[in-house]
Amino acid sequence: MTGFDDSQPIFLQIRDRLSAMILSGGVGEGEALPSVRAIAADLSVNPLTVTRAYERLVDLGVVETRRGLGMFVAHGARVRLLAHEREKFLAEEWPRIRARMKTLQLDPADLLSRDDPK
């Protein structure tokens, strides 16, 4: 977890990285997440920045605080997070992508038929 860009606040970028860990299965339901202090030290950021990232995930019901133990992935977190991220994509990113496709006269079928660039 290193390297930030100026496109959005650091706490949101940290939240997105933690979300990716959960969605990819890197951290499973019921498992402990890295501590606020560990992430802050690893990324050279203020612990309050990391706390804000965790608070966003707690608000979504994806992460739970266990007093004296730390932060844990909540049960059902992956399903809730996946639904949230899909809705966020459709509301925030898709309209911009769709408009760009229209400007470039790109057909979705052509995009889907292209070989994977990897």
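Scroll up for the structure.
First things first, this report covers the structure right here in the doc. (Residues numbered from 1 in each chain as written. Predicted model: local features only at pLDDT ≥ 70, side-chain atom pairs only at ≥ 80, totals over all residues. Heavy atoms only, no water.)

Each full turn of the α-helix corresponds to 3.6 residues, which orients residues three or four apart in the same direction. What helix H2 (residues 36–43) keeps buried is the set Ile-39, Ala-40 and Leu-43. Across the axial projection of H2, the buried residues extend over an arc of 100°, all falling on one side. Facing away from the buried side of H2 by over 90 degrees, the exposed positions are Arg-37 and Ala-41. The elements touched by buried residues of H2 are helix H1 (10–23) and helix H3 (47–59). Within two residues after H2, Ser-44 carries a phi angle of roughly 55°, on the positive side. (Buried < 20%, exposed > 50% of the residue type's maximum accessible area, 1.4 Å probe, protein only. Helix = DSSP H or I, 4+ residues; strand = E, 2+ residues; numbered from the N terminus. Arc of directions from axis to C-beta. Contact = heavy atoms within 4.5 Å.)

Following the criterion strictly, the structure yields 1 aromatic pair and no others. In this structure, Arg-52 is placed above the aromatic ring of Phe-11, and the distance from its NZ or CZ to the ring centre is 3.9 Å. Sitting over the ring of Phe-72, Arg-66 keeps its end group 4.0 Å from the ring centre. (Phe/Tyr/Trp six-rings, centres within 6.5 Å; stacked < 30°, edge-to-face > 60°. Lys NZ or Arg CZ within 6 Å of the ring centre and 35° of its normal.)

Moving on to the pairing of strand S2 (residues 70–73). Sheet analysis places strand S1 (residues 63–66) next to S2, joined by 4 bridges and oriented antiparallel. Following the sheet pairing, Arg-66 is matched in S2 by Gly-70. Between S1 and S2, which follow one another and run antiparallel, lie 3 residues, and Gly-68 among them has a positive phi close to 80°. (Pairing = 2+ DSSP bridges.)

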